[in-house]
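Spelled out, the chains give:
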Amino acid sequence: MSLFKARDLWSTVLGEKEEFDQGCLCLADVDNSGTGQDKIIVGSFTGYLRIFSPHSVKAGDGPQAEDLLLEVHLRDPVLQVEVGKFVSGTEMLHLAVLHSRKLCVYSVSGTLGNVDHGNQYQIKLMYEHHLQRTACNMTYGPFGGIKGRDLICIQSMDGMLMVFEQESYAFGRFLPGSLLPGPLAYSARTDSFITVSSCRQVESYKYQVLAFATDADKKQETEQQKLGSGKRLVVDWTLNIGEQALDICIVSFNQSASSVFVLGERNFFCLKDNGQIRFMKKLDCSPSCFLPYCSVSEGTVNTLIGNHDHMLHVYQDVTLKWATQLPHVPVAVRVGCLHDLKGVIVTLSDDGHLQCSYLGTDPSLFQAPKVESRELNYDELDVELKELQRIIKDVKSQGVWPMTEREDDLKVSAVVSSSLDSVSQATNVEVGADSVPSITVKITLQNRVVLQKVKLSLYVQPPLVSTCDQFTFDFTAPDMTSTVAFSVYLKRSYIPSELEGNAVVSYSKPTGIPRVIQCKFRLPLKLICLPGQPSKTASHKLTIDTNKPPVSLPGLFPDFANQSDDDQVNVMGFRLLGGSRVTLLASRTSQRYRIQSEQFEDLWLITNELILRLQEYFEKQGIKDFACSFSGCIPLQEYFELIDHHFELRINGEKLEELLSERAVQFRAIQRRLLTRFRDKTPAPLQHLDTLLDGTYKQVMALADAVEENQDRLLQSSAGLRSATHLLILLVRLWQRLSTDQTAILEAAFLPLQEDTQELGWEETVDAAIAHLLKTCLSKSSKEQALNLNSQLSIPKDTSRLKKHITLLCDRLAKGGRLCLSADAAAPQAMVMPGGCTPIPESDVDERSLEESAELFTNHKHLIEETPVPEVAALQGVLE
């Protein structure tokens, strides 16, 4: 129990599922008993009115039945309850209840009961006012300095102040510029109403100014006051507080001074009655209610502030004097005199927790029991300590997280069907005349523990799509198995850059730790490729060298073998969905394979599939030293053409979007002109604005179509560029015999993970990555390492810088450069070629320009024709 917890004097819970707000609580001697004891009046939004008079009970006892004096259902929601001299001809206190469309004034009286039945209380309706506008809140006081009675002022939801002189309606005034109603209070000393407008400024209006201003039955009439008809409603003073107010209270020290307290969302302010700030206090927590009251120290004010952290703070001016904890979040707080105890704090929560409490501390009567003294066995403690140290050491050796091999909460496996679907699941495809096949993939999940909301997401390279890419599982018991199946097919008329898919499973462990598991699967080549006729001529050719005798191509590609061409065991044709053809040839006399096609990027999938199937074939034969190599020139010129095409589409997209933005601005400007003409009572001629509007609309639609078409072409170009990049990395790996780690560095530089957009595209991202490699592990001297890279990436003017960097990267690798990310990579070191060659020394004479280096790698067109080996003629003769 906290030392500064509020001492519970009496508490109860009002009704069930009822709601309350700051105006629903009031403390006063509403039955005019004359004993000085306050009664607690509570109204709810469900229309219940309750009056309590708590009695002294023992600590821990609940509320007694006789504590509730009265409970009545008024049917309409109760917005606010106040007690004052609201009935003419008497100075007795009466109860005013504000509903959304009605104001009722009641008389509360009690009758002595007989024997054990207790006193009987009842309310009597004295009068009521039906409101023409929806009420928000109200305030009361001796408006105009009247003696012996209180008048009521109600603020409506649309900002109108309605003043009632007890049984009669006096007048109504709209506050100028009112948008939303704010808290309202009355200052008797200055005879003015104080509120906070939607402009977040405190405003004060004199009652006399309100009374003598022109009567306003409609909000539009306030605009006529500005033109001089009637007396204008003028604000007395304003103060901008810069935040919305929750409540306003007026505290008077004496007849000569009073203060205006305003509770904001983050601060509370104390103002003089002329609008000047006395002090303000920034609050640490979000407040929910407050109540200022006079302090025992002269010239200071105490303030109770409740907040959303279940705390009630007591401030003396700006100094925190006390902080106490409450069992609920208060929305209203009052201070009164209950069963002869002055200063009882009464709080009300929004769900009906009503509590009477007091501040103070209770001494703790708890005493710790004596511990039985016993002798320690140090030998047993040593054994226990060693065991704990062993456990700690084992945990440290495993790392912070448990090893996945030892604790697999979920196992994921993927199985791709060995044959295509008998009935294709492809829908809405754009591949042309070809029938698009589909293949089924099954994902199996097996849990070890109970897991809920396990989410499976599927990713395939576009334009491949899956029939469903999201699944959700609930494993309510251990060792359950769930299997889902989906189909994958080609949607567009170009080829994906990869045939590898990824299944990602995300879940949370029973301890709350989020986990992610990935499972990759490979789709077959026949999903995007069909058997075709070999082509004798091709624009792009590649030759892959091996260290083993050539393998029969029909045996290597049985799913693409043609039964009618059994004699052609060294040539095979492939037709990609979309029309492109690729030819694969195997040399009869050497250990070489040639891949040729009209499109450079289409070589990638067939080349990669050839290498994978050769490795699988020789592994089955038990041969472990199989290796592939590439001895030709790196095809940078063809690669650069794809880069230029991709960059050109990006520039075109940017220009089209700018033109579309300009035409859209022009279209809206013409619309505004036409709207102005149509609204005019004496419209002028259109002057061909309608023709201009129609022409601009057609231009906007045409540009929007052009943007979409360019975006589709950019996606196709991105896929082609990604395929060519994969092929370039493969050739560099075979050329320089790069290790797996070095290949991964090259892939990270050339194949960024982010999407290709206008703001950040492939060119600037790859250029920054290659420049980093050139200035770190591939640097020639310490001067290059000292150069700083530009930290801001933006679309370049052209691709010349990128092409020079790629050329220089290949040049450095040819001279023995080594790709690594270790700490010693920045230091110049002697580099050794993978084949055992010593590095070429880079002297000042040998530092040629990047243009000369580009000629070294790009002066070729047909790579196979430049290979000075006698097997070329044999390869060319296969097709003749």
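### Side note on the overall build of the protein chain
Item 1. Helix and strand counts for the protein chain stand at 13 helices and 42 strands.
Item 2. The buried share among the 880 residues of the protein chain stands at 44%.
Item 3. For the protein chain, restricting intrachain contacts to residue pairs at least 6 apart in sequence, the fraction spanning at least 24 positions comes to 60%.

### Notes on the sheet that holds strand 17 (residues 237–240)
Item 1. Across the sheet, which stays open at both edges, the four strands sit in the order 14-15-16-17 with antiparallel pairing between neighbours. Since the sheet does not close on itself, it has two edges, and those belong to strand 14 (184–187) and strand 17, each with one partner. Direction aside, neighbouring strands of the sheet carry axes that sit 20° apart on average.
Item 2. Bridge analysis of strand 14 against strand 15 (residues 192–196) gives four bridges, and the strand direction is antiparallel. In the sheet register, Tyr186 faces strand 15, and the bridge partner there is Phe193.

### What about the environment of Leu456?
Item 1. The topology assignment puts Leu456 in strand 31 (residues 451–459).
Item 2. In the structure, Leu456 is positioned 50 residues away from Ser506 in sequence and 6.7 Å away in space, judged by C-alpha atoms.
Item 3. The contact partners of Leu456, leaving out residues within four places of it in the chain, are Ile443, Leu445, Asp469, Gln470, Phe471, Phe473, Val484, Ala503, Val504 and Val505.

### Points about the nonpolar core
Item 1. With 100 residues, the main nonpolar core has Leu410, Ile443, Leu445, Leu456, Phe574, Tyr639 and Phe750 as its most contacted residues.
Item 2. Per-element tally for this core: the top contributor is helix 7 (residues 689–736), with nine residues.
Item 3. Ignoring any residue separated from it by four or fewer positions in sequence, one finds Leu410 in contact with Leu445, Gln446, Asn447, Leu451, Val454, Phe475, Val505, Tyr507 and Ile517.
Item 4. Within the second largest apolar cluster, 17 residues are counted, among which are Cys26, Ile41, Leu69 and Tyr106.

### A short note on the confidence of the model for the protein chain
Item 1. Scored by pLDDT, the protein chain has a mean of 82; 83% of the residues are at 70 or more.
Item 2. Predicted confidence is poor over residues 221–230, with pLDDT under 50, and the contacts of this stretch with residues over four places away or in other chains come to 10 contacts.
Item 3. Here residues 823–880 is modelled with pLDDT under 50, and outside its nearest four sequence neighbours on either side it reaches 105 contacts, counting other chains as well.

### Examining unusual backbone geometry
Item 1. For the peptide bond that leads from Pro462 to Pro463, omega is 10°, which places it in the cis range.
Item 2. Structurally, the position occupied by Pro463 is in the loop between strand 31 and strand 32 (464–466).
Item 3. With a phi angle near 60°, Gln166 is a residue other than glycine that sits in the positive phi range.
Item 4. The residue Gln166 is located in the loop between strand 12 (160–165) and strand 13 (168–174) in this model.
Item 5. Looking at Gln166, the relative accessible area reads 3%, which means it is buried.
Item 6. Residues other than glycine seldom take positive phi values, yet Asp479 does so here, at roughly 55°.
Item 7. Of note, Asp479 is situated in the loop between strand 33 (470–475) and strand 34 (481–490).

### Examining the packing of helix 6 (residues 636–679) against helix 9 (residues 762–775)
Item 1. Viewed as axis vectors pointing N to C, helix 6 and helix 9 meet at an angle of 130°, and their least axial separation amounts to 10 Å. Between helix 6 and helix 9, the interaxial angle falls into the category oblique. Where helix 6 abuts helix 9, its residues Tyr639, Ile643, His646, Phe647 and Arg650 lie against Trp762, Glu763 and Glu764.
Item 2. Taken together, the residues of the contact of helix 6 with helix 9 break down into four nonpolar, one polar and three charged.

### With respect to the pairing of strand 27 (residues 341–349)
Item 1. As paired strands, strand 26 (residues 330–338) and strand 27 are joined by seven bridges and run antiparallel to one another. Looking at strand 27, one finds that Val335 is bridged to Ile345.
Item 2. A loop of two residues connects strand 26 with strand 27, the two strands running antiparallel in sequence, and His339 in this loop sits at a positive phi of about 30°.
Item 3. Two strands pair when backbone bridges link them, and strand 27 and strand 28 (residues 353–358) are joined in this way by four bridges, in the antiparallel orientation. In the strand pairing of strand 28, Leu348 is matched with Leu354.
Item 4. In textbook terms, the turn of a hairpin is the stretch between consecutive antiparallel strands, and for strand 27 and strand 28 this stretch comprises three residues, one of which, Gly352, has a positive phi near 100°.

### Overview of the packing of helix 7 against helix 11 (residues 800–814)
Item 1. It is at 11 Å that the axes of helix 7 and helix 11 come closest, and there the two elements cross at 20°. On the basis of the axis angle, helix 7 is roughly parallel to helix 11. As for the relative orientation of helix 7 and helix 11, their crossing is right-handed in sense. Where helix 7 approaches helix 11, its residues Val732, Trp735 and Gln736 are matched on the opposing element by Cys810, Leu813 and Ala814.
Item 2. A class-by-class count of the residues in the contact of helix 7 with helix 11 yields five nonpolar, one polar and no charged.

### Focus: the pairing of strand 31
Item 1. In this structure, strand 31 lies alongside strand 33, joined through five bridges in antiparallel fashion. Across the sheet, Ser457 pairs through a bridge with Gln470, a residue of strand 33.
Item 2. Strand direction decides the pairing type here: strand 31 and strand 35 (residues 500–508), joined by five bridges, are antiparallel. Bridged to Tyr459 within strand 35 is Asn502.

Conventions we followed
Residues numbered from 1 in each chain as written. Predicted model: local features only at pLDDT ≥ 70, side-chain atom pairs only at ≥ 80, totals over all residues. Heavy atoms only, no water. Helix = DSSP H or I, 4+ residues; strand = E, 2+ residues; numbered from the N terminus. Buried < 20%, exposed > 50% of the residue type's maximum accessible area, 1.4 Å probe, protein only. Contact = heavy atoms within 4.5 Å. Pairing = 2+ DSSP bridges. Axes fitted to C-alpha atoms, helices over the stretch in contact; angles between N-to-C directions. Core = buried A, V, L, I, M, F, W, Y, C linked by side-chain atoms within 4.5 Å. pLDDT = per-residue confidence, 0-100. Parallel < 35°, antiparallel > 145°, perpendicular 65-115°, else oblique. Nonpolar A, V, L, I, M, F, W, Y, C, P; charged D, E, K, R; others polar. Left-handed = near helix turned anticlockwise from the far one by under 90°.

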